[in-house]
Amino acid sequence: MNNKKKNPDQKPEMSSSSSPSSPKKQTLFISSLILLWYTSNIGVLLLNKFLLSNYGFKFPIFLTMCHMSACAILSYLSIVFLKLVPLQHLKSRSQFMKVATLSIVFCASVVGGNVSLRYLPVSFNQAVGATTPFFTALFAYLMTFKREAWVTYGALVPVVTGVVIASGGEPGFHWFGFIMCISATAARAFKSVLQGILLSSEGEKLNSMNLMLYMSPIAVIALLPVTIVMEPDVMSVTLSLARQHQYMWILLLVNSVMAYSANLLNFLVTKHTSALTLQVLGNAKGAVAVVISILLFRNPVTVMGIGGYSITVLGVVAYGETKRRFR
């Protein structure tokens, strides 16, 4: 008989049931990231609305500057000290000018979005913001002559149609707020296309964390003179509000930190899932934000408005799916 001697030092094999469940841990980790991403994105949106419309803090440019200041400081700490991602250096004056251009466009999109929240409910703001794919496809075609399949462009029809319907059924519709919201949405799409053009070479590519590190200080410098000219009484009014409301500074601080957290978690969710997953989650996030804002701010909604927003979201989903299939 070929009986093998047992090695006394050999450990017994573990059963599959006692092995560490790494897939479960990974699923839990990703789920936690997504939950935090939702919380930070929706939280900063609702806090922006609360500060700008319900709190008497009518300074969207200064608020954007607070967000960019937090992004600059926290990006530096995250990359240089915590080393969440490797530090990437700007290699030329040309690359710096490209990043500066992106920073100005990004500022315009954030300021426009914050201004619109003074005049529009969050639900309608999100409906208009859902048209980002339409502007992205438009700018991609105009600037790079990049064409998609006709069925992909066809999916954009309900995206625009839904917003038109939602606009007609919005009780709190405001023309200036609508123009600012559309401008912010277009600027956000323009920035994404411009980023692909300006930082397309391998030597100039920056991950989103490093890009935020360099864009944020430039944004603060650009916004400071604009704030002084267009919102000259910001400090006096803010100090007066702080005396009336003891949590004023805490709200501003939490709001600014959330703005950075949204960018950080956006990067982490994309890293651990995919850009397509992020797009799908983003569509769902908009719907969640709409429901929460209606419950929180009690802004009136109509069946036409809800129907229009639903058509827009379905159009965005169809656009993403057709773009994936006919790539």
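Scroll up to find the structure this text is about.
Starting from 1, residues in each chain are numbered consecutively following that chain's sequence as written. Local features in this predicted model are restricted to residues of pLDDT 70 or higher, and side-chain atom pairs are both shown and tallied only at a pLDDT of 80 or more, whereas totals for entire chains, interfaces and linings draw on every residue. Hydrogens and water molecules were not included; the side-chain quantities draw on all heavy atoms of the structure.

Draft legend 1. Expanded view of the packing of aromatic side chains. Two rings belonging to Phe, Tyr or Trp (six-membered ring only in the last case) form a pair when the distance between their centres is within 6.5 Å. Interplanar angles under 30 degrees mark stacking, angles over 60 mark edge-to-face geometry, and anything in between is tilted. The full count for this structure, using the stated rule, is 14 aromatic pairs. Aromatic side chains Trp37 and Tyr38 sit 5.6 Å apart centroid to centroid with 65 degrees between the ring planes, which places their arrangement in the edge-to-face category. Take Trp37 and Tyr38: they sit in the same class, and that class is buried. Relative to Phe59, the ring of Phe57 lies with its centre 5.5 Å away and its plane at 75 degrees, an arrangement referred to as edge-to-face. Each member of the pair, Phe57 as well as Phe59, carries the same accessibility label: buried. Put simply, the rings of Phe124, Phe173, Trp175 and Phe178 touch in pairs and so form one group of aromatic residues. Think of it as a cone above the ring: NZ of Lys or CZ of Arg counts as a charge over the ring if it is within 6 Å of the ring centre and within 35 degrees of the ring normal. If you follow Lys285 out to its NZ or CZ, it ends over the ring of Trp37, 5.9 Å from the centre. Only protein chains enter the accessibility calculation, which uses a 1.4 Å probe. A residue is then buried if its area is under 20% of the maximum for its type, exposed if over 50%, and partly exposed in between.

Draft legend 2. Local environment of unusual backbone geometry. One non-glycine residue, Lys83, adopts positive backbone phi at about 55 degrees. Think of it this way: any DSSP run of H or I at least four residues long counts as a helix, any run of E at least two long counts as a strand, and we number them from the N terminus. Along the chain, the position of Lys83 falls in the loop between helix 2 (60-81) and helix 3 (93-116). Judged by relative accessible area, which is 61%, Lys83 ranks as exposed. Even without being glycine, Phe145 reaches a positive phi, approximately 55 degrees. As for its placement among the helices and strands, Phe145 is situated in the loop between helix 5 (132-144) and helix 6 (150-154). Here Phe145 falls in the exposed class, since its relative accessible area comes to 66%.

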